[in-house]
Amino acid sequence: AARFGDEIGGHQMSGHILCMATITRIIRSENNRQIWFEIPQEYTGYIFTKGYIGIDGISLTIGEVVGNQFCVNLIPETLERTNMGFRAEQDQVNIEIDPQTQAIVDTVERVLAERRD
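Residues numbered from 1 in each chain as written. Predicted model: local features only at pLDDT ≥ 70, side-chain atom pairs only at ≥ 80, totals over all residues. Heavy atoms only, no water.

(A) The overall build of the protein, seen in detail. Counting its secondary structure elements, the protein contains two helices and six strands. Helices and strands appear in the protein in the N-to-C order β-β-β-β-β-α-β-α. When its C-alpha atoms are laid out on the principal axes, the protein stretches across 55 × 40 × 20 Å. Put simply, the protein has 117 residues, and 34% of those count as buried. Here the contacts in the protein between residues at least 6 apart in sequence split such that 63% fall between residues at least 24 apart. For the protein, the distance from the average position of its 10 positive side-chain charges to the average position of its 17 negative side-chain charges is 2 Å. (Helix = DSSP H or I, 4+ residues; strand = E, 2+ residues; numbered from the N terminus. Buried < 20%, exposed > 50% of the residue type's maximum accessible area, 1.4 Å probe, protein only. Contact = heavy atoms within 4.5 Å. Lys, Arg positive; Asp, Glu negative; His and termini not counted. Charge placed at Lys NZ, Arg CZ, Asp CG, Glu CD.)

Given below as structure tokens:
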């Protein structure tokens, strides 16, 4: 648990799993790894380049979004300290959408829908 005054990196996570995603591609370089995921279409509205996402409980930043796929770019520290270094293509992972992003997207969509009516 965090203590008052502790530095907090990344984004807050609640542990609420919204859906599963499939690893579609892993691109390895000398020290880093780029992992691509396919997410169910109904959740793509919450996925933004440079947005936050939780993957298997790990707070990560989204690198790029193409259709219903997105990637994260992992550094050696993340690969060493998490299960992401052991993941393979076609593995399923737990996805937690950033709650602030979800609230903003849902609110904007609701307001726009009310204005159309």
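(B) The pattern of salt bridges, seen in detail. Enumeration over the complete set of coordinates arrives at four salt bridges. Residue Arg 87 pairs with Asp 56 through a salt bridge whose shortest N-O separation is 2.3 Å. Of this pair, Arg 87 sits in the loop between α1 (76–81) and β6 (92–97) while Asp 56 sits in the loop between β3 (52–55) and β4 (58–66), placing them 31 residues apart in sequence. With a closest N to O distance of 3.6 Å, Arg 87 and Asp 91 form a salt bridge. Arg 87 sits in the buried class, given a relative accessible area of 17%. One salt-bridge network, held together by shared partners, links Asp 56, Arg 87 and Asp 91. (Salt bridge = Lys/Arg side-chain N within 4 Å of Asp/Glu carboxyl O.)

(C) How the structure looks around the pairing of β3. In this structure, β3 lies alongside β4, joined through four bridges in antiparallel fashion. Looking at β4, one finds that Ile 55 is bridged to Ile 58. Counting the residues between successive antiparallel strands, the hairpin from β3 to β4 contains two residues, one of them, Asp 56, with a positive phi of roughly 50°. As defined by bridge partners, β3 adjoins β6 across three bridges and the pair is classed as antiparallel. The partner of Gly 54 across the bridge, within β6, is Glu 96. (Pairing = 2+ DSSP bridges.)

(D) Highlighting the side chain of Thr 82. Mapped onto the elements, Thr 82 comes out in the loop between α1 and β6. Accessibility expressed as a relative area gives 18% for Thr 82, which makes it buried. Within polar-contact distance, the side chain of Thr 82 engages the backbone oxygen of Thr 78 at 2.6 Å. (Polar contact = N/O pair within 3.5 Å; in protein donor to acceptor, adjacent residues only side chain to side chain.)

(E) The environment of Gly 85, seen in detail. With respect to the element layout, Gly 85 can be found in the loop between α1 and β6. Excluding its chain neighbours within four sequence positions, the residues that come into contact with Gly 85 are Arg 33 and Leu 79.

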